[in-house]
Amino acid sequence: MADHDFPPLKNDLFLRAARGEETERAPVWVMRQAGRYLPEFRKVREQHEFFKVCQTPELAKEVTLQPIRRYSGLVDAAIIFSDILVVPQALGMEVLMNPAPAFPDPLTTPDDIKKLKANVDVKKELGYVFDAITLTRKALNGEVPLIGFTGAPWTLFMYMVEGGGSKTMQKSKGWLFKWPKESKEVLDRITDVCIDYLVEQVRAGAQALQIFDSNAGDLAPHHFHEFSYPYLARIATTLRTRLTSLSLPQVPLILFAKGANHALAHLAITAGYDVLGIDWLVEPSLARSLVNGKVALQGNLEPNVLYGGREAIEREVKRMCDEFRVDGKTKGWIANLGHGITPGVDPEDLRFFFECVQKYSANPTKT
Ligand code: CP3
């Protein structure tokens, strides 16, 4: 698919900010914007199992569009409905969602590596995602751009070894320290699939890509540089080469290495991404100075502010907008939460968040 196969884009604020440009106001979207805080999403989930929604392009399209319809004119990007755990599934692992992710047969020892599929054909294993992307981009009718995504190798490795989420990460970190060579083999195998997966998402119509390294901040800085960073950098570099050689568009790449704020300056210079997503544990002004204009930034409202009532939301959004300004201008910033929206948020409070971003990020020098 090429750009001319789709309806023309009417709102390119998100793409312009991702390229570091000055914008009339900050574009805004939120991670997990199609999720359980929306009654219309819960209704779909009452009838269909989680991965069934991911695997049925019509349903994935429907839930992707839910926040776009509800917040029409207030939200500036859509993210395709899927999950990061479809990559381990493509590698041959069983993943359940009941209601948290569970792998009945995780990677226990290096001997289990042979259980992973050797040559993953992403078109065969994940073709439903590409179909969902094409269908959704058409249905969006150019209202906002569509973001595709993948989990990052370290975060996916963590799930594949732990067999689900983990606070201590004893098993996955145990692997890194006990079997570094074998861990890197698995990380490399995941990286290969991520690259193929992202190329095909662009071919299907994704207009930007986000890599979720949600567990990046759980690694010590030197372990992040050994077990996460090289794979993130390889994804960006190889993806760009592949897109060029296939005459596919060079879409903006967003890296959300949650909690790896120690690495911001290094990531900005060397990792090959256009945008770095940040959580709420770093002040925007510090993040700005660390990345020094090399990349755009995305984030970073503490998600629990959405439980604080209108006054707190307004105050905190205003503070965030002021902090993200560069020389008094709104430039190279995509407003978002510092992590995904949680199920208990009142959808009307999220609407108020969007309205506050529009109001307080308005650029005095470019209206
Ligand atoms: O952002 C979006 O709206 C697009 C869809 C999306 C989902 N998951 C849908 C989902 C995206 C981008 C993800 C990414 C994802 N999935 C991450 C990275 C982002 C992050 O939050 O750190 C991770 C770690 C996962 C793995 C995962 N999926 C977990 C840990 C859970 C259960 C806990 C939880 O937060 O709900 C899921 C389930 C999941 N993925 C839900 C949704 C809407 C809720 C499950 C349901 O509908 O019952």
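Per an unreviewed UniProt entry, the chain carries the name Uroporphyrinogen decarboxylase and comes from Irpex rosettiformis.

Of all hydrophobic cores here, the largest spans 121 residues; its most connected members are Val87, Ile147, Leu209, Leu232, Leu255, Tyr273 and Leu276. The element best represented in this core is helix α10 (residues 180-204), accounting for ten residues.

For the rest of this paragraph, the subject is the sheet that holds strand β6 (residues 253-257). In spatial order, the strands read β1-β4-β5-β6-β7-β8-β9; together these seven strands make up an open sheet with parallel pairing. Of all strands in the sheet, those with a lone pairing partner are β1 (78-79) and β9 (333-337), marking the two edges. Two strands pair when backbone bridges link them, and strand β7 (residues 275-277) and strand β8 (residues 296-301) are joined in this way by three bridges, in the parallel orientation. Counterpart to Leu276 in the pairing with β8 is Leu297. With respect to the sheet, helix α7 (residues 127-140) is in contact with β1 and β4 (146-151), its orientation differing from that of β4 by roughly 155 degrees.

Right, let's talk about the pairing of β4 for a bit. Counting buried positions along β4 gives six out of six residues, so the element sits mostly inside the fold. Residues Leu146, Gly148 and Thr150 point to one face of β4 and Ile147, Phe149 and Gly151 to the other, with burial holding for every one of them. Pairing of β1 with β4, which is carried by two bridges, proceeds in the parallel orientation. Residue pairing for β4: Ala78 is matched across the bridge by Leu146. With five bridges connecting them, β4 and strand β5 (residues 208-213) associate as parallel partners. By the bridge assignment for β5, Phe149 is matched with Gln210.

Parameters at a glance
- Per chain, residues are indexed from 1 in the order of the written sequence.
- This being a predicted model, a pLDDT of at least 70 is required before a residue's local features are given, and a value of 80 or more before pairs of side-chain atoms are given or counted; all residues contribute to the totals for chains, interfaces and linings.
- The term nonpolar core means buried Ala, Val, Leu, Ile, Met, Phe, Trp, Tyr and Cys residues held together as one set by C-beta atoms within 7 Å.
- Three exposure classes are used, based on other C-beta atoms lying within 10 Å of a residue's own C-beta, which is placed from the backbone: buried for 20 or more, exposed for 12 or fewer, and partly exposed in between.
- Secondary structure counts use DSSP, requiring at least four H or I residues in a row for a helix and at least two E residues in a row for a strand, with both numbered from the N terminus.
- If DSSP finds at least two bridges between two strands, the strands pair.
- A pair of residues counts as a contact when their C-beta atoms, built from backbone coordinates, are within 7 Å of each other.
- Only the contacting stretch of a helix is used when fitting its axis, a line to C-alpha atoms as for every element, and angles between N-to-C directions run 0 to 180 degrees.

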